[in-house]
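Structural characterization, general
In case you want the letters, here they are:
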Amino acid sequence: MSAKIETADELLELFNDENKLKGYSYTEVVNTPPGIDTFKFHMELPYEEIKAAVEGERIRLMAKMPESEKTKITWEHVGSTSIKGMPGTMIPDALLILEEFPPSKQIIQAFLDCDYYFSQSSHLDTKDLWFFYIFTEGILKYHKFTVHVCTEDNIAANMLRDTRDMCRSQEWAFEDYKTAKINAAKADTFKGYKMAKGSNSKLLQMLKEKYTKK
């Protein structure tokens, strides 16, 4: 595991060096009380409560950014928790879409000021930066929240958007993704769940082929 980078200047330097960025990986272990499993699979997620928590994080982050930066970014709730009725884990995702990569020093500093840490970039696209926040209260206490910081044309961002939008609007996509997730939940580890979900869903396979062949 890489050493934690805690300043905006150092993170900006990392984001400008693709080779170093590919090799960087840092995570923080959440010390949860006995009996609490933050990776638990829920057949019924508290959609409205999670939606409100994600919106709360948007407001908190925006409050730390100068007005000149706010006009250059777009925020979207994505992932299973953004699809009403979709089972899954209580680990929300959001996109913070930039006009250009990398994010500015002011945007990076806003994340640090709100107690986020940079974990790694996506294996699908190095320019999908994962910032994590660990909730300290409410229904998501002890759970991690991932904000994907990337540009409009990012592969991972487009797959997340399309998955959400197709599951919201097309019954076959919703049922395909739901079935794949339920079957994947039988895996022994969270990593196994993520891998099985991707390989068992026709929707995800279709989107991966669509965007990785560009």
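Residues numbered from 1 in each chain as written. Predicted model: local features only at pLDDT ≥ 70, side-chain atom pairs only at ≥ 80, totals over all residues. Heavy atoms only, no water.

**Considerations on the packing of aromatic side chains**
Tallying each qualifying case throughout the model produces 16 aromatic pairs. A ring pair is formed by Phe-39 and Phe-190, whose centres lie 4.7 Å apart and whose planes are at 35°; its orientation type is tilted. Residue Phe-39 is located in the loop between helix H2 (18-23) and helix H3 (47-63), and its partner Phe-190 is located in helix H8 (residues 190-200); the two are separated by 151 residues in the primary sequence. Look at Phe-39 and you get partly exposed, because its relative accessible area is 45%. Ring geometry for Phe-135 versus Phe-145: centroids 5.9 Å apart, planes at 40°, classification tilted. Here Phe-145 lies in strand S5 (residues 144-151) and Phe-135 lies in the loop between strand S4 (129-134) and S5, a separation of 10 residues in the sequence. We classify Phe-145 as buried; its relative accessible area is 0%. Three or more aromatic residues joined by ring pairs make a cluster, and in this case those are Phe-15, Tyr-24, Trp-75, Phe-111, Tyr-116, Phe-118, Phe-131, Tyr-133, Phe-135 and Phe-145. Sitting over the ring of Tyr-133, Arg-60 keeps its end group 4.7 Å from the ring centre. (Phe/Tyr/Trp six-rings, centres within 6.5 Å; stacked < 30°, edge-to-face > 60°. Helix = DSSP H or I, 4+ residues; strand = E, 2+ residues; numbered from the N terminus. Buried < 20%, exposed > 50% of the residue type's maximum accessible area, 1.4 Å probe, protein only. Lys NZ or Arg CZ within 6 Å of the ring centre and 35° of its normal.)

**Some words on the nonpolar core**
In terms of nonpolar packing, the biggest core is built from 41 residues, with Phe-15 and Leu-96 touching the most fellow members. Elements supplying a minimum of two residues to this core: helix H1 (8-15), H3, strand S2 (93-98), helix H5 (105-113), strand S3 (117-121), S4 and S5. The contact partners of Phe-15, leaving out residues within four places of it in the chain, are Leu-21, Phe-101, Pro-102, Pro-103, Ile-108, Phe-118, Leu-129 and Phe-131. Of all hydrophobic cores here, the second largest spans 12 residues; its members include Ile-83, Met-86, Met-159 and Met-166. (Core = buried A, V, L, I, M, F, W, Y, C linked by side-chain atoms within 4.5 Å. Contact = heavy atoms within 4.5 Å.)

On their own, these measurements won't tell you what the molecule is for.
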